[in-house]
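Chain and residue survey
Listed here are the chains, written in short residue letters.
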Amino acid sequence: MHTIRSYFRAKNYLEVDPPVMARTLIPEAQIEVFETALVSPYDEPEPRYLTPSPELFLKQLLANDFGSLYSIGRAFRNSESTSLHHNPEFTMLEWYGVETDASSQLTLATELLHTIAGAFPEAEGSSLLAAAPETLSIARALESAAGIAPDELRPDEIEEAARRNGIRISETESPADLFHRLLVDLIEPSLPLDRPVFLTDYPSLVPTLAAQQPDAPGFADRWELYLGGIEIANCYTEERDAAKILEFLESEHEEKARALVPHEPAMELVSFSEAPPVSGVALGVDRLLMALTAEQDIRGVIFFP
């Protein structure tokens, strides 16, 4: 924690301490949440939710000209499978750089990994963090692993590509669901384990608040970082078009209504259109610590799992 904070202070990023309980949440339909209530002796109880990410609050600060900023704190995800890589309460580092894009944040993330490796040269996994990273586009990875061409990563083509690779498809699966299965079944098992890997250029059929690549229609300007084959971080060049943000929020509203804990997406995110150009990264600190220490079980890096 000290090394991470020192790194961002040196970059002139402001550390902020966002709430971990909120009225509304980030609009990511696939995330299930924890619900509680604010109880008053005079009024009806009001629903509150443990935050799965500080994104909502950090973006409001960015829209109000607070500049580049970051936070390190608790995040909560409900209804996830128990595994060696999941804990329902975990530590998240999230940072946003003003006047940056996903490409420049890739450089910053690499520098952060090297800084941590340099601070702990005796750690078993420091050589992994210090290694030169590999940057691999989703399209190139799928073409190499499964013969899936870039133009097949469209809603009307991906089902056939999945069937051709032996993936059984249910009637309820969306194109985004199918892409996730291709990612998990075909790409992730083939990733190098001895160096950081940045998977870039995700297809736009996966709905997110990432901006589109101006020179590659159909692909978003985003990446995910893998260490030892495990996803550690996610980065977007953030969408700032108010109409596109609103369209995304409205589409996610329907999905949130069907969640195990139904709740409203944060419509105030539309105000992010007033923010300067910015890109953001969310990084799981516990998984990063697993990579640094070569620990195979997330319970080995959490005091009270």
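No experiment lies behind these values; they were computed from the predicted model shown.

Points about the overall build of the protein
Scanning the protein from terminus to terminus reveals nine helices and eleven strands. Against the compact-globule benchmark of 19 Å for 305 residues, the protein has a radius of gyration of 19 Å, which places it among compact chains. Every one of the 305 residues in the protein was classed for burial, and the buried ones make up 48%. Restricting to contacts in the protein with at least 6 residues of sequence separation, those with at least 24 account for 67%.

Points about the packing of aromatic side chains
Going through the model one piece at a time under the given rule, you end up with six aromatic pairs. Ring geometry for F8 and Y13: centres 5.3 Å apart, planes at 65 degrees, overall edge-to-face. Relative accessible area serves as the criterion here: at 9%, Y13 is assigned to the buried category. Each ring, one from F198 and one from W223, has its centre 4.9 Å from the other, and the planes form 90 degrees; the classification is edge-to-face. A residue pair is termed long-range when its members are at least 10 positions apart, and F198 in strand β8 (residues 197–203) and W223 in strand β9 (residues 219–227) qualify at 25 residues. For F198, a relative accessible area of 0% translates into the label buried. By relative accessible area, W223 is classed as buried at 2%. One aromatic cluster is present, formed by Y7, F8, Y13, Y70 and W95 through successive ring pairs. The ring centre of F272 lies 4.9 Å from the NZ or CZ of K59, which sits over that ring. The positively charged end of R222 is found above the aromatic ring belonging to Y202, 4.0 Å away from the centroid.

Describing the nonpolar core
Of all hydrophobic cores here, the largest spans 32 residues; its most connected members are F8, L93, W95, L129 and W223. It is helix α3 (residues 102–119) that contributes the most residues to this core, eight residues altogether. Non-local contacts of W223, meaning those with residues more than four positions away in its chain, are made with A102, Q105, L106, A109, F198, L199, T200, Y202, A233, N234, C235 and V281. Core analysis: the next-biggest nonpolar cluster, separate from the first, contains 26 residues, L136, L142, A146 and Y202 among them.

Here we look at the sheet that holds strand β10 (residues 230–237)
With respect to topology, eight strands assemble into an open sheet ordered β1-β5-β6-β11-β10-β9-β8-β7, the strand pairing being mixed. The strands lining the two open edges of the sheet, one partner per strand, are β1 (14–15) and β7 (134–137). Pairing of strand β5 (residues 69–76) with strand β6 (residues 89–98), which is carried by eight bridges, proceeds in the antiparallel orientation. Paired with G73 across the bridge in β6 is M92. α3 rests against β6, β7, β8, β9, β10 and β11 (278–284) of the sheet, and its axis sits at about 10 degrees to β9.

Thoughts on helix α7 (residues 175–187)
Along its 13 residues, α7 runs 17 Å from first to last C-alpha, staying within 8% of the 18 Å computed at 1.5 Å per residue. Buried within α7 are the following residues: A176, L178, F179, L182, L183, L186 and I187. With its buried residues spanning 160 degrees around the axis, α7 presents them on a single face. Contacts made by the buried residues of α7 are with α5 (138–146), α6 (158–164), β8 and β9.

So, the side chain of S137
Positionally, S137 belongs in strand β7. Setting aside chain neighbours within four positions, we find S137 in contact with T200 and D201.

Looking at the packing of α5 against α7
What describes two packed helices is the angle between their axes and the distance between those same axes. In the contact formed by α5 and α7, the axes pass within 10 Å of each other and the chain directions differ by 60 degrees. Classified by the angle between their axes, α5 and α7 sit oblique to one another. When the axes of α5 and α7 are compared, the crossing they make is left-handed. For the pair formed by α5 and α7, the contact residues are I138, A141, L142, A145 and A146 on the first element and F179, L182, L183, L186 and I187 on the second. Residues belonging to the contact of α5 with α7 are distributed by class as follows: ten nonpolar, no polar and no charged.

As for unusual backbone geometry
A positive phi angle, near 65 degrees, is found at N12, a position not held by glycine. Using a relative accessible area of 67% as the deciding quantity, one classes N12 as exposed. Positive phi, normally seen in glycine, also occurs at A294, with a value near 60 degrees.

Definitions and limits used
Residues numbered from 1 in each chain as written. Predicted model: local features only at pLDDT ≥ 70, side-chain atom pairs only at ≥ 80, totals over all residues. Heavy atoms only, no water. Helix = DSSP H or I, 4+ residues; strand = E, 2+ residues; numbered from the N terminus. Rg over C-alpha atoms; globule rule 2.2 N^0.38 Å. Buried < 20%, exposed > 50% of the residue type's maximum accessible area, 1.4 Å probe, protein only. Contact = heavy atoms within 4.5 Å. Phe/Tyr/Trp six-rings, centres within 6.5 Å; stacked < 30°, edge-to-face > 60°. Lys NZ or Arg CZ within 6 Å of the ring centre and 35° of its normal. Core = buried A, V, L, I, M, F, W, Y, C linked by side-chain atoms within 4.5 Å. Pairing = 2+ DSSP bridges. Axes fitted to C-alpha atoms, helices over the stretch in contact; angles between N-to-C directions. Expected span 1.5 Å × (residues − 1). Arc of directions from axis to C-beta. Parallel < 35°, antiparallel > 145°, perpendicular 65-115°, else oblique. Left-handed = near helix turned anticlockwise from the far one by under 90°. Nonpolar A, V, L, I, M, F, W, Y, C, P; charged D, E, K, R; others polar.

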